[in-house]
Amino acid sequence: MVRTSRRLADGREILYFAAGTQAPQRTAVDPRELPAVSTRSQLRWDPLLGEWVALASHRQSRTFLPPADRCPLCPTRPDGPPTEIPEAGFEVAVFENRFPALATAVEFDVPPSAPGAPLTQLRPGFGRCEVVVFTSEHDRSFATLGPERARLVVDVWADRTAELSAVEGVEQVHVFENSGEEIGVTLSHPHGQIYAYPFVTPRVEKVLASVERHRRATGGDLFADVVAAERSGPRVVAANEHWTAFVPAAARWPYELQLFPHRRVPDLPALTGEERDALAGISLDVLGRFARRFDTPMPYISSWNQAPVGRGREDWWLHLQLFSLRRAPGKLKYLAGSESGMGAFISDTTPEDVAEQLRSVR
Ligand SMILES: [Zn+2]
């Protein structure tokens, strides 16, 4: 894989990635006149839950479902309007989000606490939000990228995770994809995102606490115990030499999979070349099952759970959560009173049934 770094009109970085060892010429200049990105995001501490909340009020003006001929993630064609990607063609492109929730160039001058709430500490919304464009072709999806491009995307995720993890102040790197208008995706061009947070996210904190609790109670290794049980259990949907995808025993979404490598690694950069090839293969397999389960592709969220940068790395086990809010054609699961109010999930499906359904998708 080779990469080339360029700048957009407002100073944001854009990276072009290509398979092979010879970087294609990347000389296109962004012709737009864009104001410098100003970010006044801040983090506020919720003293009751003990969690950070990011406030990014400047994001209200972001692009919402533009028509396909004005897609900002398509390449800039000679006869078309300039997009976010100045080159006329590319394999995978990554750039800093124009409306970032977290940015390295954030305004650092924030008061110590929220007005009238001394327990609600404030911090600048430091971090980085990147957009990963999987292909220059607008009407594709991850499931139809093919093994070589999917492998390149895996390498790009690993590259970004390693680089962002090295940024002073970054504590966790989250690689994810939202797919489908039904879950609020504002751009249909195949793309994912990467958030580099200046804190360890609530989900990862909670899992690390469970690992510790399990060790104290049983002397065992929670991740290893779960992976070993599920690999030989009734909810496996797909597997290859290096990876197993299964419906978790206590799944909370109508369709949900977890994808674990067989070897314990903390994050994507730690995967070997063979494991990355196998990941590309099984990703296409399971996303294909999600796409073909009903007449139209299911909307989904694909979320990489990587180890934090600074602690808990030896306890962590890299895995992907893949889930859909679609219960049936035309029906979505909404997070209502119990889920939104109390964080207590009520599922209408049985994980064992869902595994059987996904196994039988052809
Ligand atoms: Zn497009």
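Sequence order sets the numbering: in each chain, residues are counted from 1 along the sequence as written. A pLDDT threshold of at least 70 governs which residues receive local features in this predicted model, and a stricter bar of 80 or more applies before side-chain atom pairs are shown or counted, although totals over entire chains, interfaces and linings include all residues. Note that water and hydrogens are dropped before the side-chain values are worked out from all heavy atoms of the structure.

By the naming in an unreviewed UniProt entry, the protein is Galactose-1-phosphate uridylyltransferase, taken from Geodermatophilus ruber. UniProt positions are given in the numbering used here, feature names are shortened, and annotations may be inferred rather than shown by experiment. We quote the UniProt Sequence similarities (unreviewed entry) comment for the protein here in full: "Belongs to the galactose-1-phosphate uridylyltransferase type 1 family."

(A) Here's a closer look at the coordination of the zinc ion. Each metal site is built from N, O and S donor atoms within 2.8 Å (3.2 Å for Na, K and Ca), and since water is not included, such sites may look incomplete. Coordination of the zinc ion by the protein comes from C71 (SG), C74 (SG), H138 (ND1) and H189 (ND1), over a distance range of 2.0 to 2.3 Å. Between the 4 donor atoms coordinating the zinc ion, the angles at the centre fall across 104 to 117°, so the site counts as tetrahedral. On the primary sequence, the residues serving as donors to the zinc ion are separated as C-x2-C-x63-H-x50-H. Taken together, the residues C74 in the loop between β4 (51–55) and β5 (92–96) and H138 in the loop between β8 (128–133) and α1 (147–165) connect sequence positions 64 residues apart. Here C74 and H138 have matching classes, each one buried. Metal sites are grouped by the angles between bound donors: all angles between 85 and 135 degrees with four donors is tetrahedral, opposite donors over 155 degrees apart with the others between 65 and 115 is square planar for four donors and octahedral for six, and any other pattern is irregular. Helix numbers and strand numbers start at the N terminus; a helix is a DSSP run of H or I with at least 4 residues, a strand a run of E with at least 2. To sort residues, take the accessible area from a 1.4 Å probe on protein chains only and compare it with the maximum for the residue type: under 20% means buried, over 50% means exposed, and anything in between is partly exposed.

(B) Examining the domain arrangement of the protein more closely. Annotation comment: domain bounds sourced from an automatic or database domain assignment. Partitioning the protein into domains gives domain 1 (2–200) and domain 2 (203–360). Taking only C-alpha atoms into account, the centre of domain 1 sits 24 Å from that of domain 2. Facing 28 residues of domain 1, the contacting portion of domain 2 comprises 27 residues. The quantity reported as buried area is the accessible area (1.4 Å probe) lost by two parts once they are put together, taken as the sum for both. Overall, the association of domain 1 and domain 2 removes approximately 2,400 Å² of surface from exposure, summing both partners, and the carbon and sulfur fraction of that is 63%. Interface area lost by domain 1 to domain 2 is led by R151, E182 and V200, which between them contribute 24%. Should any heavy atoms of two residues lie within 4.5 Å, those residues are considered in contact.

(C) Geometry of the packing of aromatic side chains. Aromatic rings from Phe, Tyr and Trp, taking only the six-membered ring of Trp, are treated as a pair when their centres fall within 6.5 Å; an angle between ring planes under 30 degrees marks them as stacked, one over 60 as edge-to-face, and anything in between as tilted. Applying the stated criterion to the full structure yields 15 aromatic pairs. Residues W253 and F345 carry aromatic rings whose centres are separated by 5.2 Å and whose planes lie at 70° to one another, so their mutual orientation is edge-to-face. Taken together, the residues W253 in the loop between β12 (243–246) and β13 (255–261) and F345 in the loop between α5 (337–342) and α6 (351–359) connect sequence positions 92 residues apart. Taking the relative accessible area as the measure of exposure, F345 reaches 26% and is therefore partly exposed. Distance and angle both matter: a charge sits over a ring if NZ of Lys or CZ of Arg is within 6 Å of the ring centre and within 35 degrees of the ring normal. Seen from the ring of W52, R123 lies directly overhead, with NZ or CZ sitting 4.8 Å from the centre. A cation sits over an aromatic face here: R252 above F345, 4.7 Å from the ring centre.

(D) Seen up close, the sheet that holds strand β15 (residues 319–324). Taken in spatial order, the 11 strands of this open sheet run β1-β2-β5-β8-β10-β9-β14-β15-β13-β12-β11, and their pairing is antiparallel. The open sheet has two free edges, formed respectively by β1 (2–7) and β11 (236–239), since each of these has just one partner strand. On average, each strand axis in the sheet is inclined to that of its neighbour by 20°, with strand direction left out of account. Following DSSP output, two strands are said to pair if at least two bridges run between them. By the bridge criterion, 6 bridges tie β8 to strand β10 (residues 191–197) in an arrangement that is antiparallel. Following the sheet pairing, C129 is matched in β10 by Y195. For helices, the axis comes from a line fit to the C-alpha atoms of the stretch in contact; other axes are also lines fit to C-alpha atoms, and the angle between any two N-to-C directions lies between 0 and 180 degrees.

(E) Here's a closer look at the environment of P78. Position of P78 among the secondary structure elements: in the loop between β4 and β5. Linking P78 and A328, residues 250 residues apart in sequence, is a C-alpha distance of 43 Å.

(F) Spotlight on the UniProt feature "domain: Galactose-1-phosphate uridyl transferase C-terminal" (unreviewed entry) in the protein. Mapped onto this structure's residue numbering, the UniProt feature "domain: Galactose-1-phosphate uridyl transferase C-terminal" (unreviewed entry) falls at residues 216–322. Its end C-alpha atoms 30 Å apart, residues 216–322 is made of 31% helix and 23% strand.

(G) Examining the pattern of salt bridges more closely. Here a salt bridge means any side-chain nitrogen of Lys or Arg lying within 4 Å of a carboxyl oxygen belonging to Asp or Glu. In the structure shown here, the tally under the stated rule is 28 salt bridges. One salt bridge in this structure joins D30 and R32, with 2.9 Å as the shortest N-O distance. For the pair formed by D30 and R32, the shared burial category is buried. The salt bridge involving E352 is made with R235; its shortest N-O contact spans 2.7 Å. With E352 in helix α6 and R235 in the loop between α3 (222–231) and β11, this residue pair connects regions lying 117 residues apart in the sequence.

(H) Fine view of α6. Turning to α6, its buried residues are P351, V354, A355 and L358. The arc enclosing the buried residues of α6, seen along the axis, measures out at 100°, which places them on a common side. Along the arc lie the directions from the helix axis toward the C-beta atoms.

(I) Examining the pairing of strand β3 (residues 42–46) more closely. Pairing of β3 with β4, which is carried by 5 bridges, proceeds in the antiparallel orientation. Residue pairing in the sheet places Q42 in a bridge with L55 of β4. The loop that links β3 with its antiparallel partner β4 comprises 4 residues; one of these, G50, has a positive phi angle of about 65°.

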